[in-house]
Amino acid sequence: MRRYVAGTDTASAVATTRTLYEDGLTVTLDHLGEDTTDRAQADAVTAAYLELLGALDRDGLTERLGPLAARAEVSVKLSAVGQALRGDGEKIALDQARSICDEAKRVGATVTLDMEDHTTTDSTFAILADLRRDFPDTGAVVQAYLKRTEADCRDLAVAGSRVRLCKGAYNEPESVAFKKRLEVDLSYVRCMNVLLAGDGYPMLATHDPHMIEIGAERALFHGRKAGDFEFQMLYGVRPDEQRRLAQAGHTMRVYLPYGAQWYGYLMRRLAERPSNLAFFARSLVSKG
Ligand code: FDA
């Protein structure tokens, strides 16, 4: 579990953040949760983020102000803070996200709103637009597998706009999403070009060696220097490549999940790459 997840509590999230910083990496922290089914659960998730941001601050881990690239970040799923609740779910999620953004601003960290399945995309962008009025550095996520995403990238590639580009992780219907791997990769490259050519701050989230190579080349082509864009990968996936990119002078942000509800997340990582099962089994055995 520790290969992909920092641990179950705030203290382990902070300790792992420190270790990653020592290796020249930066972080975006994700508090793992189940689907939020009531208001109390949404409040608890928000409280966990506030506790985390306070702890990072007390440990001096948000002091690296200066460029956006170097700041600690938290990633928030709006479904975890109430977006899907009946009635005024969207308003609840906005209010909860606003208090997380407030605390992040106080301690000098940033927030990115993870993107979930396509039925939530419009609602998530609406909440993002609202948050960005007060917290302009709130990050958006776009998913290259959605047919709409190239157009969304054009809208989002504006000054001050932080945008994470990923391939997309949900099982989406053909009516809205590219289903073939090649189509998704081609879309990723097109979206990368739009973001890198634009005025925003692109965050290229992928483990795919081809996308990374093309991203680095296109960034150079568009005159972007280190600090003008960043790469992102999941904690525990291709860690050597993460360090190689950081040593080559790139900003490398690691998506670091933590929390008591780690089981579902871990199963998804193992399902993506069954060969990791052997690694996981070995690490379990070695811990007795
Ligand atoms: P892909 O899965 O096509 O893999 C390409 C290559 O990468 C593989 O052939 C292999 O070489 C390498 N690789 C991939 N996985 C590996 C593994 N587990 N171990 C070793 N090598 C591996 N999704 C979403 O829908 N909403 C979101 O908000 C986010 N947020 C997000 C943040 C960050 C920082 C990352 C890295 C990813 C996300 N994602 C996401 C998930 C994303 O959409 C996607 O599902 C995964 O990143 C996998 O896609 P890749 O681009 O890595 O390529």
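Quick note: structure is the one above.
In what follows, the accompanying structure is described.

Reading the values: the criteria
Residues numbered from 1 in each chain as written. Predicted model: local features only at pLDDT ≥ 70, side-chain atom pairs only at ≥ 80, totals over all residues. Heavy atoms only, no water. Axes fitted to C-alpha atoms, helices over the stretch in contact; angles between N-to-C directions. Helix = DSSP H or I, 4+ residues; strand = E, 2+ residues; numbered from the N terminus. Parallel < 35°, antiparallel > 145°, perpendicular 65-115°, else oblique. Left-handed = near helix turned anticlockwise from the far one by under 90°. Contact = heavy atoms within 4.5 Å. Nonpolar A, V, L, I, M, F, W, Y, C, P; charged D, E, K, R; others polar. Near = heavy atom within 4 Å. Polar contact = N/O pair within 3.5 Å; in protein donor to acceptor, adjacent residues only side chain to side chain. Buried < 20%, exposed > 50% of the residue type's maximum accessible area, 1.4 Å probe, protein only. Pairing = 2+ DSSP bridges. Right-handed = clockwise from strand over helix to strand, strands pointing away.

Right, let's talk about the packing of helix H3 (residues 89-107) against helix H4 (residues 121-134) for a bit. Here H3 crosses H4 at 40°, and the two axes come no closer than 10 Å. Comparing their axes, H4 and H3 come out oblique. Considering only the axes of H3 and H4, their crossing is right-handed. Residues Glu 90, Ala 93, Leu 94, Ala 97, Arg 98, Cys 101 and Lys 105 of H3 touch H4, and the partners they reach there are Ser 123, Ala 126, Ile 127, Asp 130, Leu 131 and Asp 134. Counted by class, the contact of H3 with H4 contains seven nonpolar, one polar and five charged residues.

Turning next to the site of the ligand. In the vicinity of the ligand, 25 residues are found, and the nearest of them are Met 115, Lys 167, Gly 168, Thr 206 and His 207. A distance of 2.8 Å is found between a nitrogen atom of the ligand and a backbone nitrogen or oxygen belonging to Met 115. Taking Lys 167, its side chain carries an N or O atom lying 2.8 Å from an oxygen atom of the ligand. Of all the secondary-structure elements, those providing two or more residues to the shell around the ligand are strand S4 (140-143), strand S5 (162-166) and strand S7 (230-234). Ranked by residue count, the leading element in the shell around the ligand is S7, at three residues.

This part is about the pairing of S7. Within S7, five of the five residues are buried, which leaves the element mostly enclosed by the surrounding structure. Because side chains alternate across S7, one face comprises the buried residues Glu 230, Gln 232 and Leu 234, and the other comprises Phe 231 and Met 233, equally buried. In this sheet, S7 lies alongside strand S6 (residues 201-205) in parallel orientation, the contact comprising three bridges. Following the sheet pairing, Met 203 is matched in S7 by Glu 230. Viewed along the sheet, the connection from S6 through helix H7 (residues 209-221) into S7 turns out right-handed. Where S7 and strand S8 (residues 251-258) come together, five bridges link them in parallel fashion. Each residue of the ladder has a partner; that of Met 233, found in S8, is Val 254. Taken together, S7, helix H8 (residues 239-247) and S8 constitute a β-α-β crossover, and its handedness is right-handed.

Worth remembering: the numbers are spatial, not functional.
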